[in-house]
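Read off the chains here:
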Amino acid sequence: MENYFQKDIETMPVEKIKEMQAEKLVNIVKYVYDNVEYYRDKMNEKGVTPDDIKGLEDLHKLPFLSKADLREGYPYGLLATDLKNCVRIHSTSGTTGKRVVAFYTQHDIDIWNEMCARAIVAAGGTDEDVVQVCYGYGLFTGGAGLDGGSHKVGCLTLPMSSGNTERQIMFMNDLGATIICCTPSYAAYIGETLKEMGYKPEDNKLKAGIFGAEAWTEEMRRDIEKALGIKAYDIYGLTETCGPGVAFECSEQTGMHINEDHFIAEIIDPDTGEVLPEGSKGELVFTALDKEAFPLLRYRTRDICVLTREKCSCGRTFIKMCKPMGRSDDMMIIRGVNVFPSQIEAVLLNEGYAPNYQIMVDRVNNSDTLDVYVEAKEGDFSDKVKDMAEKEKALAGAIKAMLGINPKVHLVAPKSIQRSEGKAVRVIDKRKRLGINV
Ligand code: DLL
């Protein structure tokens, strides 16, 4: 039987959700216009006032917000309330340019925790569960988000943070963790370490995992489920919109329900900004309906995905997003072909390789090169050049069949590629060093 954290809301008829969204939208636009000068200027520039926004059909009139806007407004430019009303900040990792800092009132945190609680309950969690949170704690939202959700459900929470994998496993076993929360790449690493330590999947009490914060494939899900003996659920979110829990997977495991009582989702053409009909692939845009400290109207996530509102066997009525295929800025254009790292990952796992790989892109003599480094299968690594060359050729052929371009595959020794305890860095694009716009 499906469980819900807030059944009335999670199974609300779609018309009711839309009515609720329309009402909240009108109010939040007024709130933002009155309290955020940066966005008011943007609206004025576009000639839109709060009076023009009377319902969902007017959403498209509002200007977009982008990460560049948040950076420009750093740190307080998009804050909508007095700093004294805020109780927390979180921040993006800031690998490219300035960090984005997001602010929270206690009310914002309460709602965020509820959304994470919905995700935990949808993964089968109850107050009898022991939830091991091995997302990083700190400025990153993963640890705090799932921790808050776990408390709301009444689970016993193990606030492990990331890293120290052997200690993670010791606590997992000694304290009987039943649900684990971390990035999928870290889950794969934990699975690998368990095996090395001589444990079988049935030796632990885990029943579910809640994994997100990075793109991962269905093939990766299958591998993690097998290695840990669990059901693996996806969870999505970004610092700017609160953190994890904006969308979460249910027992059907066919995409993530977006918490539509708190967010309106749109899909747009990333080049033109045009709103695309349901079922189209494009950039995901969120309007937050309840945020007090850091409200975002029409925020461009740069994540590429598809939205569908089909009847779900779990009974939830919230629209579903597919697994994001990666950020629009993760997409590489190699010899004119669009390539997402997740496509390469799917091939590697389908061919029986572990998800330990690195993709290197460069430009040599004016031509793009694509090198894929992947660990040879256990027991397969040989010093016979011919054997290895044949395997590399076979794998390159499989990747070519998927992408249409020929990579150079390098099989490297097992365990030689660095494992990730948080978000894995899969791609090194050396063309950027050359100042090439990729
Ligand atoms: O990664 C929040 C989070 C923490 C989500 C824990 C899930 C679990 P940021 O560091 O701001 O926040 O990164 C947000 O990560 O725009 C996506 O590109 C990517 N991302 C997040 N969840 C998923 C997912 C957190 N389930 C960025 N699948 C987003 C694919 C994801 N990509």
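Residues numbered from 1 in each chain as written. Predicted model: local features only at pLDDT ≥ 70, side-chain atom pairs only at ≥ 80, totals over all residues. Heavy atoms only, no water.

Asker: What exactly am I supposed to notice about the sheet that holds strand β19 (residues 427-429) here?
Answerer: By way of backbone hydrogen bonds, the strands of a sheet pair with one another, either parallel or antiparallel. Here four strands make up an open sheet; going across it, the order is β18-β17-β16-β19 and the pairing mixed. The open sheet has two edge strands, β18 (408-412) and β19, and neither has a second partner. On average, each strand axis in the sheet is tilted by 20 degrees relative to the strand beside it, whichever way the strands run. Summarising the sheet, strand β16 (residues 357-364) and β19 pair through three bridges and their orientation is parallel. By the bridge assignment, Ile359 is partnered in β19 with Val427. (Pairing = 2+ DSSP bridges. Helix = DSSP H or I, 4+ residues; strand = E, 2+ residues; numbered from the N terminus. Axes fitted to C-alpha atoms, helices over the stretch in contact; angles between N-to-C directions.)

Asker: When you look at the pattern of salt bridges in this model, what are you seeing that I'm missing?
Answerer: Side-chain pairs of opposite charge can arise where the charged atoms are in close proximity. The full count for this structure, using the stated rule, is 27 salt bridges. Of the charged contacts, one joins Arg363 and Asp368 as a salt bridge, the two residues approaching to 2.7 Å between their closest N and O atoms. You can call Arg363 partly exposed: its relative accessible area is 30%. On the basis of relative accessible area, Asp368 is assigned to the buried category, the value being 8%. One network of salt bridges, with partners in common, ties together Glu192, Glu196, Glu375, Glu378, Lys415 and Arg419. (Salt bridge = Lys/Arg side-chain N within 4 Å of Asp/Glu carboxyl O. Buried < 20%, exposed > 50% of the residue type's maximum accessible area, 1.4 Å probe, protein only.)

Asker: Whenever I open this one, the domain arrangement of the protein confuses me. Can you help?
Answerer: It is common to give the size of an interface as the accessible area that goes away when the parts come together. When cut into domains, the protein gives domain 1 (1-329) and domain 2 (332-434). The C-alpha-based centres of domain 1 and domain 2 are spaced at 30 Å. Contact residues are listed per partner, giving 24 residues for domain 1 and 17 residues for domain 2. Between domain 1 and domain 2 lies a buried interface of about 1600 Å² when both sides are counted; carbon and sulfur atoms form 53% of it. Across the contact surface, domain 1 and domain 2 share three salt bridges. We note a salt bridge from Glu196 to Lys415, for which the minimum N-O separation is 3.3 Å. Where domain 1 meets domain 2, there are nine residue pairs in polar contact (both at pLDDT 80 or more). If you list the elements that add at least two residues to the side of domain 1 that touches domain 2, you get α8 (184-196) and α9 (218-228). For the side of domain 1 that touches domain 2, the element with the highest residue contribution is α8, accounting for six residues. Across the side of domain 1 that touches domain 2, the residue classes break down as nine nonpolar, eight polar and seven charged. (Domains from an automatic or database assignment. Contact = heavy atoms within 4.5 Å. Buried area = accessible area lost by both parts, 1.4 Å probe. Polar contact = N/O pair within 3.5 Å; in protein donor to acceptor, adjacent residues only side chain to side chain. Nonpolar A, V, L, I, M, F, W, Y, C, P; charged D, E, K, R; others polar.)

Asker: Mind showing me how you'd approach empty space enclosed by the protein here?
Answerer: Unfilled space is identified by rolling a water-sized probe across the atoms. Going through the model one piece at a time under the given rule, you end up with two cavities of 30 Å³ or more. At four residues, the largest contribution of residues to the lining of the largest cavity is made by helix α5 (residues 106-122). For the second largest cavity, the calculated volume is near 40 Å³. In this structure, the second largest cavity is lined by Leu70, Gly73, Tyr74, Pro75, Gly77, Leu78, Arg99, Val100, Val101 and Phe294. Here the residues of the lining of the second largest cavity are counted per class, giving seven nonpolar, two polar and one charged. (1 Å grid on protein atoms, 1.4 Å probe; cavity = no way out; pocket = protein on both sides within 12 Å on 5 of 7 lines; lining within 4 Å. Points joined across faces, edges and corners; volume = space filled by probe spheres on them.)

Asker: When you look at the packing of helix α10 (residues 341-350) against helix α11 (residues 385-403) in this model, what are you seeing that I'm missing?
Answerer: Packed helix pairs are characterised by how far apart their axes lie and by the angle those axes make with each other. Running from N to C, α10 and α11 cross one another at 135 degrees; their axes reach a closest spacing of 10 Å. Of the possible angle classes, the one that applies to α10 and α11 is oblique. Considering only the axes of α10 and α11, their crossing is right-handed. Contacts from Gln343, Ile344, Val347 and Leu348 in α10 reach Leu395, Ala398, Ile399, Met402 and Leu403 in α11. Class assignment for the residues of the contact of α10 with α11 results in eight nonpolar, one polar and no charged. (Parallel < 35°, antiparallel > 145°, perpendicular 65-115°, else oblique. Left-handed = near helix turned anticlockwise from the far one by under 90°.)

Asker: Can you walk me through the packing of α9 against α10 in this structure?
Answerer: Two elements in contact, α9 and α10, have axes separated by 8 Å at closest approach and are oriented at 45 degrees. Here α10 runs oblique to α9, going by the angle between their axes. Side by side, α9 and α10 meet where Glu219, Met220, Arg222 and Asp223 of the first sit next to Glu345, Ala346, Leu349 and Asn350 of the second. Residue classes in the contact of α9 with α10 are distributed as three nonpolar, one polar and four charged.

Asker: Please clarify how the layout of surface pockets should be interpreted in this entry.
Answerer: One number sums up the size of the second largest pocket: a volume of about 820 Å³. In this structure, the second largest pocket is lined by 27 residues; those nearest its centre are Glu192, Lys195, Asp223, Ala354 and Pro355. If one sorts the elements of the lining of the second largest pocket by residue count, α8 sits on top with six residues. Of the residues that make up the lining of the second largest pocket, three or more belong to each of domain 1 (1-329) and domain 2 (332-434).

Asker: What's the story with the side chain of Arg298 in this structure? I'm lost.
Answerer: Note on placement: Arg298 falls in the loop between β11 (281-288) and β12 (299-308). In this structure Arg298 comes out as buried when scored by relative accessible area, which is 2%. A polar contact of 2.9 Å, which involves the side chain of Arg298, links it to the side chain of Glu266. In this view, Arg298 contacts Leu59, His60, Leu62, Pro63, Phe64, Leu65, Glu266, Val275, Val285, Phe286 and Thr287; residues no more than four positions away in its chain are not counted.

Asker: Help me out: how do you make sense of the pairing of strand β10 (residues 263-268) in this one?
Answerer: Within a regular strand, the side chains alternate between the two sheet faces. Within β10, six of the six residues are buried, which leaves the element mostly enclosed by the surrounding structure. The pairing of β10 with β11 spans six bridges and is classified as antiparallel. Note on β11: the bridge partner recorded for Ile268 is Glu283.

Asker: For this particular structure, what's the right way to read the sheet that holds strand β9 (residues 256-258)?
Answerer: Judged by pairing direction, the sheet is mixed, and its eleven strands sit side by side in the order β4-β3-β5-β6-β7-β8-β9-β13-β12-β11-β10 without closing on themselves. Only two strands of the sheet have a single partner each, and these edge strands are β4 (156-159) and β10. Here three bridges tie strand β8 (residues 243-249) to β9, and the two strands are oriented antiparallel to one another. Bridging across to β9, Phe248 finds its partner in His257. Along the sheet face, α5 touches β5 (179-182), β6 (208-212), β7 (231-238), β8 and β10 and points at about 35 degrees away from the line of β8. Strands in contact with α9 are β6, β7 and β8; relative to β7, the strand with the most contacts, it is inclined by about 125 degrees.

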